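A structural walkthrough
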Amino acid sequence: MLDEADDIHPLFHGAPKSTEFKKLRKRIVQYTREAVDQYGMIEPGARWLVCLSGGKDSYTLLAVLHELKWRGLLPVDLLACNLDQGQPGFPATVLPEFLERMGVPHRIEYQDTYSIVVDKVPQGRTFCALCSRLRRGNLYRIAREEGCSAVVLGHHRDDILETFFMNLFHGSRLATMPPKLLNEEGDLFVYRPLAHVAEEDCEKFARAMNYPIIPCDLCGSQDGLQRQQVKQLIDQWERNHPGRRQKMFRALMNIRPSHMLDPSLFDFAGLVRDLDKNETESDAIPALR
């Protein structure tokens, strides 16, 4: 049985025995392994910094990576990391206690980026962009200090799809968060192993496992975020046409540069007609009378 204490990582101890949960768990593991293989994330002997915010997505990421490693399918070292950004009311003891109890190697880092964000961002503007840059810079530093080759994030399918529409509506470009990215300095990979996993599945999984979920009050408390508007739009499409979200996501994996408008991706100017073929075909067609 998968749920026997001696047959699985402690992160899965006490997992529900229902058929529904087992299917959910199998689906998440399968999709994660698929993304890891498809995008070439494994470097044998590498060390990954697995970023843990305390949200449902990062708990799901941590659990599934440890299951893959436990089963010999992920030959890398995993170091969980939480960056405490000094948000008021953040329960600083929850993650360290959880990780100790689960026997997960980890590093807890405190950096008060909250004060910087509040000081620098004008009133009425959202904190997300600056907060993200400061967090990313600290995670890159920690990864280097810990000898990690990759920073691993819990972004899922819906995050990737929402980011695509954010760039489309507000950035005038077709782009999103790729499953595998090399940082600007060229010394660290950024991986998103949950790229094919639905947000709904992360929610169901983390809740079923009763992980101590910590909400993001810094960003989530702000009204009118563009991302929330995009999310609501996609949710409405999904309600009206079930399956629409997955079809849009699959489209991101089925791009045809020759049917877009970017001349840097396809040589439109270099397209030429096959005149010999046209002449041969016209000669073969009887003249109309």
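Because the structure is a prediction, the values reported are computed rather than measured. (Residues numbered from 1 in each chain as written. Predicted model: local features only at pLDDT ≥ 70, side-chain atom pairs only at ≥ 80, totals over all residues. Heavy atoms only, no water.)

Notes on helix α9 (residues 226-240)
In a regular helix each residue adds 1.5 Å, so 15 residues correspond to 21 Å; α9 covers 21 Å between its end C-alpha atoms and thus fits that length. Among the residues making up α9, those that are buried are Val230, Lys231 and Ile234. Buried residues along α9 cover an arc of 100° about the axis, so they all sit on one side. Opposite the packed face of α9, turned more than 90 degrees from it, sit the exposed residues Gln232 and Arg239. Where α9 is buried, its residues contact α6 (157-171), α7 (199-208) and α10 (244-251). (Helix = DSSP H or I, 4+ residues; strand = E, 2+ residues; numbered from the N terminus. Expected span 1.5 Å × (residues − 1). Buried < 20%, exposed > 50% of the residue type's maximum accessible area, 1.4 Å probe, protein only. Arc of directions from axis to C-beta. Contact = heavy atoms within 4.5 Å.)

Thoughts on the UniProt feature "short sequence motif: PP-loop motif" (unreviewed entry) in the protein
UniProt's entry tags residues 53-58 with the feature "short sequence motif: PP-loop motif" (unreviewed entry), counted in the numbering of this structure. Helix makes up 50% of residues 53-58 and strand 0%, whereas the separation of the span's terminal C-alpha atoms amounts to 6 Å. (UniProt positions renumbered as here; feature names shortened; annotations may be inferred.)

Thoughts on the packing of aromatic side chains
Given two aromatic rings, one states the distance between the centres and the angle between the planes to describe the pair. In the structure shown here, the tally under the stated rule is twelve aromatic pairs. A centroid spacing of 5.6 Å and a plane angle of 80° characterise the contact between Phe98 and Tyr211, whose relative ring orientation is edge-to-face. Taken as a pair, Phe98 in helix α3 (residues 94-102) and Tyr211 in the loop between α7 and α8 (217-220) lie far apart in primary sequence, 113 residues in all. Its relative accessible area of 3% is what places Phe98 among the buried residues. Through pairs of rings, three or more aromatic residues link up here, namely Phe12, Phe21, Tyr59, Phe98, Phe205 and Tyr211. The ring of Phe189 is capped by Lys180, whose NZ or CZ atom sits 4.8 Å from the centre of that ring. (Phe/Tyr/Trp six-rings, centres within 6.5 Å; stacked < 30°, edge-to-face > 60°. Lys NZ or Arg CZ within 6 Å of the ring centre and 35° of its normal.)

Description of the side chain of Arg107
In this fold, Arg107 is placed in strand β3 (residues 106-110). Side-chain polar atoms of Arg107 contact the side chain of Glu109, separated by 2.9 Å. Side chain to side chain, Arg107 and Glu146 meet in a polar contact 2.9 Å long. (Polar contact = N/O pair within 3.5 Å; in protein donor to acceptor, adjacent residues only side chain to side chain.)

Comments concerning helix α1 (residues 19-38)
In this model α1 runs 28 Å from its N-terminal to its C-terminal C-alpha over 20 residues, within 8% of the 28 Å that 1.5 Å per residue would give. For α1, the complete set of buried residues consists of Phe21, Leu24, Arg25, Ile28, Val29, Thr32, Ala35 and Val36. Considered in projection along α1, the buried side chains sweep an arc of 130° and stay on one side of the axis. Seen from the open side of α1, the exposed residues pointing more than 90 degrees away from its buried face are Thr19, Glu20, Lys23 and Lys26.

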